[in-house]
Each structure stands twice: as C-alpha cells, then as structure tokens.
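An overview of the molecular structure
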Amino acid sequence: MAENDKPGRFRQIRMVAQMVHRSNPKALPIVFASALGTLALFVVLGFFISSLWFMIPLGIMAAIIVGMVVFGQLAQKTQYKLMEGQIGAAFGVLDTMRGNWVVTPAVAGNRNMDVVHRVVGRPGIILVSEGPSSRVAGLLGAEKKKISRLAASVPIYDFQVGDEEGQIPLSKLQGKVMKLPRNLNKAQLNDLNDRMRALPAKPGMPGGPMPRNVRMPKAPRPRSR
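Residues numbered from 1 in each chain as written. Predicted model: local features only at pLDDT ≥ 70, side-chain atom pairs only at ≥ 80, totals over all residues. Heavy atoms only, no water.

**Notes on the confidence of the model for the protein**
Note the following rule: Scored between 0 and 100, pLDDT is the confidence that the predictor attaches to each residue. By the criteria applied, helices consist of DSSP H or I runs no shorter than four residues and strands consist of E runs no shorter than two, each listed in order from the N terminus. Contacts are residue-level and defined by heavy atoms, with any inter-residue pair within 4.5 Å sufficient.
Mean pLDDT over the protein: 83, with 85% of residues reaching 70 or higher. Looking at the elements of the protein, mean pLDDT is at its lowest for helix α1 (residues 2–23), recorded as 69, and at its highest for strand β3 (residues 124–130), recorded as 96. Residue range residues 204–225 is modelled with pLDDT below 50. Its contacts to residues more than four positions away, or to other chains, number 45 contacts.

Laid out in structure tokens, this is it:
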C-alpha cells in the first residue's frame, strides 16, 4: 500500500510546485535558496567547531526541513490567492482548521450569493460571512438573532471576510478564529453542539453546493505534547 501511495504524493507535490511557480516565478528559487543557505550555515559552523563530518549530515536534514516549511508557506499563500473571490472560499479555509470545530456551511444566504457560515468550537459560536459589508451585515444580524436564544450565555463572534474596510482578508481568517479565547470546556461544547442541531435545516448554498474538497497545503509543524 505504501509503495502505491508514493507516486501519488510525488505527483501532488509536483502539481503544487507548478501551481506555485505559475503564480510566483520567484517562489521556487526562494525555497532552494533557503535550503542551500541553511546547509551553508551548518558547513561554516562545522569548520569553526572542527566537526564537519557531523555538521554536514545534520545540515542536509535541516536544509530539507527548512525547504519544506518555506515551500508549504508559499504554497498556502498561493492557494489563498487563487481562492479569493470564489464563493465558499471562507468555508474551504474554516474546514481545514485543526481541533474540535464543527463548521456548518451556508446557514444563511441570499440571491446575491452572499453567505454566512457557522463555526462551533471552544470559543463559542463564530459566524463568518462572505460578501459586501452592505449586504452581509443584515444576514449576520438575522442569524445572531436566530441562534441567540439557543446560545444562551455562550459568546457569539462574527467576522466578515472580504477586502473592504473592516473586513478580514481570507488569508487571515483562520488565524483570527484560532486566536479567540477558549470560553467553553468539553462538556459545555458538547451541550452547545446538541443545541445547534435543534435548529431548522439550513437553507442551502444559493446557486450550487459548497466546495467541500478545498484543502489548504500546510507547512510541517512540530508536534506539541
């Protein structure tokens, strides 16, 4: 099974690399320069401490890690750029968040293709809109009013995604949500999710389904204990 998976991974990396190169021809040279610069640093350090035989292999491993991290960051920026302006882009970003989040797409919408997504997590309830501020403000207000009774004392946050003044760029949405304070414990979160399930079925995405297969490339992260 592992052998069958490897060609798929390599093809995926190649496709992402091609996408990044088309969007920014300087991106891949930056990746290689970062990796080579890291290796050179370890080689120079090896000369100074007279441990070249040890520092070169260590430098190669460090160079690979640095290159992967830089490549992942550039790929993520490219993906955000390609997604901006597309309907459901905010849901695509929210749906990739790590942790105990329940993301419900298009809980509210209108004929102009403006939508509101609902996120339930440790901070409470987060409503995220896509569309011009002049149109989504009413959608957010109506959705807040609808869920306020079931939410009781649970905090309700709302974010507008877009490029207008006061809105959040798509690339910063995940960071904004992840930095919200953790107001609920596990039992309170489970209770909140049960209450949200009691809401009437969402109206559905106007004009078509949400792009559920959107996935953001991630840079490698160290494991936290």
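Picking up where we left off.
**So, the nonpolar core**
As a reminder, the rule being used: In these notes, a set of buried Ala, Val, Leu, Ile, Met, Phe, Trp, Tyr and Cys residues joined through side-chain atoms within 4.5 Å is what counts as a nonpolar core. Whether a residue is buried, partly exposed or exposed follows from its accessible area with a 1.4 Å probe, protein chains only, as a fraction of its type maximum: under 20%, in between, or over 50%, in that order.
Of all hydrophobic cores here, the largest spans 20 residues; its most connected members are Leu94, Ile126, Leu170, Leu173 and Val177. Only α3 (52–83), α4 (89–94), β3, β4 (156–161) and α6 (170–178) provide two or more residues apiece to this core. Of all the elements, α4 adds the most residues to this core, at five residues. Beyond its immediate sequence surroundings of up to four residues, Leu94 is in contact with Val103, His117, Val119, Val128, Leu173 and Val177.

**Quick notes on the side chain of Glu143**
Looking at where Glu143 falls in the secondary structure, it is placed in helix α5 (residues 133–151). Ignoring sequence-local partners within four residues, the contact set of Glu143 consists of Val107, Ala108, Val116, Arg118 and Leu127.

**A word on the pattern of salt bridges**
Convention followed: Take a side-chain nitrogen of Lys or Arg and a carboxyl oxygen of Asp or Glu: if they are within 4 Å of each other, that pair is a salt bridge.
Counted according to the given criterion, the structure contains six salt bridges. Salt-bridge contacts for Glu143 lead to Arg118; the nearest nitrogen and oxygen are separated by 4.0 Å. One end of the pair, Glu143, is in helix α5; the other, Arg118, is in strand β2 (residues 115–121), and 25 residues separate them in sequence. Arg118 matches Glu143 in its accessibility class, with the two residues each being buried. Of the charged contacts in the structure, one is a salt bridge between Asp158 and Lys144, with a shortest N-O distance of 2.8 Å. In this pair, Asp158 is assigned in strand β4 and Lys144 in helix α5, connecting sequence segments 14 residues apart. Where salt bridges share partners, they join Arg118, Glu143 and Lys146 into one cluster.

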